[in-house]
Amino acid sequence: MSLDDSRVDRRDLLKYAGAASAAVLAGCTGDGGDGGSGGDDGSGSDGDSGDGGDGGSGGDEEGEQLSDVNVGVTMGQMDSGLDPHDHAETNTDIIVSQAYEGLMGREPDGTIVAALATEWERVEAGTARFTLRDGVTFHNGDELTAEDARYSIRRIELEEVGGALPQAGDLVGAGSLDGVEAGDGEVTVGFAGLNPIVFQLFATNGQVMQQSWVEENDTDFINRNVNGTGPFQLAEYDSGNEVVVERYRDYWDGPAEVASVTLNASSESSTRVNRLLAEESDVVTNVPPQEVSRVEESEVASINPVPSTRVIFLQMRYDVEPFTSQEFRQALNYAVDNAGIVESVLNGFGASSGQPTLEQFTGYSPDVEPYPHDPERAEELVEQSGFAGAEIELQTPIGRYLKDVEIAQAAASQIDSLSNVSCELNQREFSALVQDITTGEIEDKPAFNLLGWGNGEFDATQTIIPLMTSDGALTILKNDEVDAMVAEAQNEADPQAREQLLQDLNAFLHDLAPWVFMHQQFSVYGVSGEIEWEPRADEIIDPYRARPQ
Amino acid sequence: MVSPRVVRNLKKEFRRSALAKVGLVLVVGVLLVAVFAPFVAPHNPTEQDLDGKQLPPIGFSKTVEETSSELVDGEVRTVTETTRIEADPQHPLGTDPLGRDMLSRIVYGARTSLLVGVLGTVLAAAVGVPVGLIAGYKSGRVDDALMRFADVSLAFPSLVLAVALIGLWGRAAVELPDPFVSAGLAPGMPATFTLPGTVIVVVGIVNWVWFARVARGEALSIRTEEYVKAARALGGSDRGILLSHVLPNAITPIIVLGTVQIAAIILLESALSFLGFSGTTLSWGFDIAQGRDYISSGQWWIAGIPGFAIMLSVIGVNLLGDWLRDALDPDIEGEGGG
Amino acid sequence: MSVARFVTKRVVQGVGVVWGVVTVVFALRFVTPGSPVNAVAPLDASQETRRAIAVELGLDQPLYVQYLQYVGDLLRGDMGFSYVRGQDVARLVFLKLPATVELAVAATVLAIAISIPLGVLSATRRNQPADYLATLFSLGGISTPNFWLGIMMILVLAVQLGLFQTSGRGVGFPGVLAAVVGPEPFLDTLLSWLSYITLPAIALGTYFTALITRLTRSGMLDELGEAYVQATRAKGLPETLVRYKHALRNTLIPVITVLGLQLGTLIGGAVITEAVFSWPGLGTLVIQSINLRDWPVLQGCLVIIGTSFVVVNIVVDTLYAHLDPGVVYD
């Protein structure tokens, strides 16, 4: 999944956990309308999704019942080539996931479902076994084999097979792969450590390619062509401009209801909305708040928002004064009115938060409330911290997250309005800021900055490990207690006990306050009245589940 | 150089042409606004006020539909409300998405446009004129080499080359202290002014060749004049002859070209800012880019007004250029645009 | 010197300029801070990829070998490899060229079709309302940022009135050509093409329309005052014929010269027009490449743009020679 177009080397980021994170620093990029992933809590969409396949299987034979509807999708940015393993961006993932699938998949709400594997089990601590689905074919007609699955896992994880690919570590953790065996319709994966979330990782990552197809073709070809097992096969590829995929009739779950999908992109939110309203597109991403009513008032389309898997926060380096003080950090949390910012800047398209983990994730602590807005308490805490009169600077990227500058501006001015702290805002190009943030040395990172983080695995650790543990590549915190609590959770085999450990960790982090907790971003899609489609929790767009109206 | 005859011609043409008067008024107006920006601007152009964002200009108060949302049981519900947005006399041209005063931003944007336009032109002339003069005067190999290099230079469109160079170099900006603010005359205004250094250097680099061509042409024609031949026969140094005889004769077309170049560079700067390649956020092109996503939702002024500001200043400079050209009547090839 | 020899000479010169263009683009890789590898490798490239790139660029070789290798590759049509997109540069760049040519040609045709009649009208109705309007139009035209004009036209003509498409290229001109022979209904295809290309062509063409109007007007005014035109008129030819046949022909010469000189502005304008209209051409590719730090593609674009400029200029010069029998082929 995705870090974003800044393309930070993700392997570094994950070495501690030995587990991948589908962390999304900034998914779609482009202008202000950068979206999170959908995090639909799921009530409601399950019924639809099952039906998609059923409807198809009825008209399997000649396809006379199949529609000839084309669905247009306009995103923020196009792909960086069609190799499903050689990218780390949401946009590329949206495109390649039309044609490639993993062993496991997710429902729109994030629930894990079977995909190319029908069964999976943990054979022992460091071994997982997947049973492959029968009768699955690649778009070139060849049957999927266990060897293909084995090859794909090795291609992602092992430098000697796939070269250094940016998804290395996404399945079992960097350098943790301990042999993959294939045979008898089964793939057995060995890895170091317990890795309690190995199936969450496989459900989000690890698209399967055909071994012979990859080996027989060169990089250029693989990046311009597609040979997957997914519901759509490639019809047209115009790099940087447009990708057209068409229904793959022999798809194992029945042919798609829509005949083809045209995917294009515009970084300007107004262009995306214009395309939607001119009926040139059926699904557009990241409709900004000011455009919402224009879409709602139109007769051709409507707004379809979902809570995303992205959390927005202001991170404070633990080793820089005045942020060394827990009182001071808490003071900033009381000073910033995050609920008010969601209300006034985002028109309510967000949910204020008080812990690093989002509500629909494993490890979310229901007992932790966001910090209330209490400037007096904040001033008291600043006094107690001994840093009264502190002058600080908040750095923010320009236009990477929904309304990032406005949010940072509001937060900075609320902090600045405390009688005993002054706060300035420094607006920076995202690419420059992210280079500072992803530098290996904590000393080179900004002391105080706004950031957004997406987490496609729905597990608390995939945010906390990279951002808050001593060895996390993006960390701004070195705290022995946090490290110990994470390690304990990652070695706990019992899911319920682990969940409790993570909830305790989140409550602890709320008090420790390494961030000024801001909010969970919503993804706001514009959807044409011509189709029925529910947005997903993980930023992927799945026209396979769309139905013509 | 500026002989009494030239002044006479300028005056005569100025009296004759209404457009020249308009041009002068526009240019002097923009110049004054740019220089005295801290006094003209009613607010600090970077001061943000989220409670007063996207206010319309005076006379454009309006009723809008506003949609907000809330989370109910994990699902997002949207509510649409009708609200009336009144213009605020404090902000005659309205405010932008961050609640910054548009009028003040236009005023400060004039500084960026003019500074880049003038400094970029001066830089281009400072490189192009000497090279062109020497090439034309020396003629022969030097001239050939220059002209071939100029051909290569021309093969890269200014905007493309500028974008490529800025992309490779990154965008550096210089913070200049504002003299009025440091003297304490304009409290509350930005203490420094951001000069987009890379942009100036780049527009200089991509536009010098126009000056070189004109200077060369003039030098070529002048070098065969009797008085230049005489000066040379009398043992004058090349440098002396270039400075005292060739340059003064070439100055008129160079000035006219300079005017045209300022207009072209203002447009180029706005394009670069629009694409996000300038180093400052106080620029008309930057505001157009910011406001672009708000036009279709009805907030036309955020991108609309800076566009008019660019148009008026460039019209002013172009009219001034027409006046100079008609009065001085140099024979300039083409318009020498960027 | 005959026209044929003149053209041959210009082609030889043109090859020299293209060689210069290639050399400048080669030198650009040393402009970027740090190793030239940084200009080619994506930010997240591994050490292994970086080493591979260094070898491919021949950085272990002496400079002249690197240079010869680069030129040699270009001559074979190999523009290098985009590590960001995982694709060959040459195909990417060449596939985008037609869209940009289409836009530039449409803008030029539009500009010439409007400006020359307008300039003539303006000159022959000097100091009448028509002249003032034309003068105001041309003044506004050379002073309006084309990207802003494009945005405003999208708002009014495409979004509010729904007359045109807001962005994109549709089937493009090749699609129209295909409809002539193919099964697609020709008229519908043509209208669809127009709905896409009209606004970008106007946005890009306005500056040139204005510029040529000004030139035609002042050129015609000069020519109409010339003695020989008066002489021709005395012979009793109808006035219109006088205007067009003699005056216009001579007026067109400086117009063509300026068009050649301003070709760079046209291509530069195309870059930003494409950005505004999401037109899938070289300009969009240039901007995407910079944002993705995809320097090999950017360099490929620069080579193609520089070369196209040279080619078109040779065509313009030839046209010039054809129009002006008195031209000295120096």
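Note that the structure is a prediction, hence the values are computed from the model and not measured. (Residues numbered from 1 in each chain as written. Chains lettered and ligands numbered in written order. Predicted model: local features only at pLDDT ≥ 70, side-chain atom pairs only at ≥ 80, totals over all residues. Heavy atoms only, no water.)

**Examining the overall build of chain B**
- Scanning chain B from terminus to terminus reveals 12 helices and four strands.
- Each principal axis of the C-alpha atoms in chain B carries an extent, and together these give about 95 × 45 × 40 Å.
- Within chain B, buried positions represent 57% of all 338 residues.
- At a minimum sequence separation of 6, the contacts of chain B that also span at least 24 residues come to 76%.
- In the structure as shown, chain B presents an accessible area of about 13,900 Å², 61% of it carried by carbon and sulfur atoms. (Helix = DSSP H or I, 4+ residues; strand = E, 2+ residues; numbered from the N terminus. Buried < 20%, exposed > 50% of the residue type's maximum accessible area, 1.4 Å probe, protein only. Contact = heavy atoms within 4.5 Å. Areas by Shrake-Rupley, 256 points an atom, 1.4 Å probe, with all protein chains shown as cover.)

**Focus: helix α6 (residues 158-169) of chain B**
Residue and element names in this part refer to chain B.
- With 12 residues, α6 extends 16 Å between its outermost C-alpha atoms, agreeing within 8% with the 16 Å of an ideal straight helix rising 1.5 Å per residue.
- With 11 of 12 residues buried, α6 is to be regarded as a mostly interior element.
- Buried residues of α6: Ser158, Leu159, Val160, Leu161, Ala162, Val163, Ala164, Leu165, Ile166, Gly167 and Leu168, and no others.
- Remark: Gly170 follows α6 within two positions and exhibits a positive phi of approximately 85 degrees. (Expected span 1.5 Å × (residues − 1).)

**Structural notes on empty space enclosed by the protein**
- For the coordinates displayed, the defined rule picks out 14 cavities of 30 Å³ or more.
- Of the voids in this model, the second largest cavity is the one considered here, and its volume is about 120 Å³.
- Of all the elements in the fold, those that place two or more residues in the lining of the second largest cavity are α9 (269-277) of chain A, α11 (284-295) of chain B together with α7 (146-160) of chain C.
- Residue contributions to the lining of the second largest cavity peak at four residues, all from α7(C). (1 Å grid on protein atoms, 1.4 Å probe; cavity = no way out; pocket = protein on both sides within 12 Å on 5 of 7 lines; lining within 4 Å. Points joined across faces, edges and corners; volume = space filled by probe spheres on them.)

**A look at the interface of chain B and chain A**
- In this complex, chain B contributes 22 residues to the contact, which on the side of chain A involves 33 residues.
- Taken together, the two surfaces of chain B and chain A that pack against each other cover about 2,400 Å², and 48% of this comes from carbon and sulfur.
- The largest share of the area that chain B buries against chain A comes from B:Leu50, B:Thr67 and B:Asp293, three residues that together contribute 22% of it.
- Our count for the contact surface shared by chain B and chain A stands at one salt bridge. (Buried area = accessible area lost by both parts, 1.4 Å probe. Salt bridge = Lys/Arg side-chain N within 4 Å of Asp/Glu carboxyl O.)

**What about the side chain of A:Ser365?**
- Mapped onto the elements, A:Ser365 comes out in the loop between β14 (350-352) and α13 (375-385).
- Setting aside residues up to four positions removed in sequence, A:Ser365 forms contacts with A:Gln355, A:Gln503 and A:Asn506.

**Remarks on the interface of chain B and chain C**
- Across the contact, 45 residues belong to chain B and 46 residues belong to chain C.
- In total, chain B and chain C occlude about 4,100 Å² of area from one another, counting both sides; carbon and sulfur atoms represent 80% of this.
- For the interface between chain B and chain C, the tally reads one salt bridge.
- Its salt-bridge partner being B:Asp322, residue C:Arg214 comes within 2.6 Å of it at the nearest N-O pair.
- In this structure, the connection of chain B to chain C is made through four residue pairs in polar contact (both at pLDDT 80 or more).
- For the side of chain B that touches chain C, the secondary-structure elements that each account for two or more residues are α5 (140-154), α6, α8 (197-222), α10 (238-274), α11 and α12 (301-328) of chain B.
- Counting residues per element, the side of chain B that touches chain C draws most heavily on α12(B), at 12 residues.
- Residues that form the side of chain B that touches chain C fall into these classes: 28 nonpolar, 10 polar and seven charged. (Polar contact = N/O pair within 3.5 Å; in protein donor to acceptor, adjacent residues only side chain to side chain. Nonpolar A, V, L, I, M, F, W, Y, C, P; charged D, E, K, R; others polar.)

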